Amino acid sequence: ADLLGFQAEAWATNFLRSCQAHTDAAVDVNGRTISWQGRDVRIGVYPISIDVEALRESAAGEDVSRARRTVLRWRGDRKLLLRVDRADLSKNILRGFDAYEGFLRDYPEWRGKVLFLALLNPSRTDIPEYRAYVRECREAAERINAQFGRKGWAPVRLSVKDDLSMTLAAFALNDVLLVNPVFDGMNLVAKEGPVLNEQDGALILSENTGAYEELGRHALGVNPFDVGETTAAIASALEMDPSERAWRAAALREAVTA
């Protein structure tokens, strides 16, 4: 290759430093070039984005309107915490459930006042480890509902299916979007959610995503391995002052659309 493209500065720098440490190539980290076998290979950073207008057009469909009504009936006057992911081990879904469980335990005043909607898209269902992971996710949701649920309130609603209409409706209506993969080259959910959101929703974002370089200063950053930190971020997001929520949400939209 004459040109290698990466999603984020961090990934490009890591690659350059790896070449520096483990090959005899001449590496210019600042100039992003590698002299290798008599030629120069350039390293670039090209973060992928989303088609904002196409996304908004899709969200205006009648099927999404029906899904919105479903979410509104279910949510009522409660706050809505959302995650949207492929059912993939790297997405760190179980630690997200653990963090929410810790939140309900440590902040009992929020019991009955918040709902966690987890929309998981089936992934690699022919691989036993992936099927087992989905079972663990279901078990975690059931555990939380059994521990904290009461008449008229189940703390978690888990869906494992490809449901674009529900996803777009939930993007618009959530108060907090949780995106906590252990590592992710970019993560487009972190961009799609804020663009469609109508609630001045807060974004909790893993520091190990490529999207963090673009959105991190407007989000609540978390170490994805630190369940306690994620619990605290959920509390901060739900209790955030409305004016702070508004400017963060506006900054997220601006960063994505730019």
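Not measured: the values here are computed from a predicted model.

> Help me out: how do you make sense of the sheet that holds strand β2 (residues 26-28) in this one?
Each strand in a sheet pairs with its neighbour through backbone hydrogen bonds, running either in the same direction (parallel) or in the opposite one (antiparallel). With mixed pairing, the 4 strands of this open sheet are ordered in space as β1-β4-β3-β2. The two strands at the open ends of the sheet, each matched to only one other strand, are β1 (3-6) and β2. On average, each strand axis in the sheet is inclined to that of its neighbour by 20°, with strand direction left out of account. When β1 meets strand β4 (residues 39-45), the two strands line up parallel, connected through 4 bridges. By the bridge assignment for β4, Gly5 is matched with Gly44. Along the sheet, helix α1 (residues 9-22) makes contact with β1, β2, β3 (33-36) and β4, crossing β4 at roughly 155°.

> It is not clear to me how the pairing of strand β9 (residues 202-206) should be interpreted in this structure. Could you clarify?
Each regular strand displays side chains that alternate between the two surfaces of the sheet. The buried count for β9 comes to 5 of 5 residues, which makes it a mostly enclosed element. Side-chain alternation along β9 places Ala202, Ile204 and Ser206 on one buried face and Leu203 and Leu205 on a second face that is also buried. Here strand β8 (residues 176-179) pairs with β9 via 4 bridges, running parallel. Bridge pairing in β9 places Val176 opposite Ala202. At this point the chain moves from β8, through helix α7 (residues 189-196), to the parallel β9, and the crossover so formed is right-handed. Across 3 bridges, the pairing between β9 and strand β10 (residues 220-222) is parallel. Looking at β10, one finds that Leu205 is bridged to Gly221.

> I keep staring at the packing of aromatic side chains and nothing clicks. Help me out?
Aromatic ring pairs are reported here in terms of the distance separating the ring centres and the angle at which the planes meet. Tallied over the entire structure, the rule returns 6 aromatic pairs. On the basis of an interplanar angle of 35° and a centroid distance of 5.3 Å, the ring pair of Phe6 and Phe15 is categorised as tilted. Taking 6.2 Å as the distance between ring centres and 45° as the angle between the ring planes, the aromatic pair formed by Phe103 and Trp110 counts as tilted. These aromatic residues form a ring-pair network of at least three members: Phe97, Tyr100 and Phe116.

> It is not clear to me how the nonpolar core should be interpreted in this structure. Could you clarify?
Proteins that are soluble and globular tend to have nonpolar side chains buried together. Phe97, Tyr100, Phe103, Leu203 and Ile204 are the most contacted members of the largest nonpolar core, which has 68 residues in total. Residues within four places of Phe103 in sequence aside, it is in contact with Trp110, Val114, Thr231, Ile234, Ala235 and Leu238.

> What exactly am I supposed to notice about the environment of Arg95 here?
As for its position among the elements, Arg95 is in helix α4 (residues 93-106). Taking the relative accessible area as the measure of exposure, Arg95 reaches 31% and is therefore partly exposed. The sequence separation of Arg95 and Gly201 amounts to 106 residues, and the corresponding C-alpha distance is 21 Å. With residues up to four places along the chain from it excluded, the contact list for Arg95 reads Asn180, Val182, Pro224, Phe225 and Val227.

> I keep staring at unusual backbone geometry and nothing clicks. Help me out?
Peptide bonds are trans in most cases, and residues, glycine excluded, mostly fall at negative phi. One non-glycine residue with positive phi stands out, namely Arg124, at about 50°. The backbone phi angle of Asn187 is positive, close to 90°, even though this residue is not glycine. Mapped onto the elements of the fold, Asn187 is located in the loop between β8 and α7. Judged by its relative accessible area of 6%, Asn187 is buried.

> Quick question: what am I supposed to make of helix α3 (residues 62-75) here?
An α-helical turn contains 3.6 residues, so a residue and the one three or four places further along point in the same direction. The terminal C-alpha atoms of α3, which comprises 14 residues, lie 20 Å apart, in line with the 20 Å expected from a rise of 1.5 Å per residue. All of the buried residues in α3 are Val64, Ala67, Val71, Trp74 and Arg75. Looking down the long axis of α3, one finds its buried residues gathered within 90° of arc, a one-sided arrangement. On the buried face of α3, the contacting elements are α2 (52-59), β5 (79-86), β6 (114-121), β7 (156-160) and α6 (164-173). Just downstream of α3 lies Gly76, where phi reads positive at about 65°.

Cut-offs and rules
Residues numbered from 1 in each chain as written. Predicted model: local features only at pLDDT ≥ 70, side-chain atom pairs only at ≥ 80, totals over all residues. Heavy atoms only, no water. Pairing = 2+ DSSP bridges. Helix = DSSP H or I, 4+ residues; strand = E, 2+ residues; numbered from the N terminus. Axes fitted to C-alpha atoms, helices over the stretch in contact; angles between N-to-C directions. Contact = heavy atoms within 4.5 Å. Buried < 20%, exposed > 50% of the residue type's maximum accessible area, 1.4 Å probe, protein only. Right-handed = clockwise from strand over helix to strand, strands pointing away. Phe/Tyr/Trp six-rings, centres within 6.5 Å; stacked < 30°, edge-to-face > 60°. Core = buried A, V, L, I, M, F, W, Y, C linked by side-chain atoms within 4.5 Å. Expected span 1.5 Å × (residues − 1). Arc of directions from axis to C-beta.

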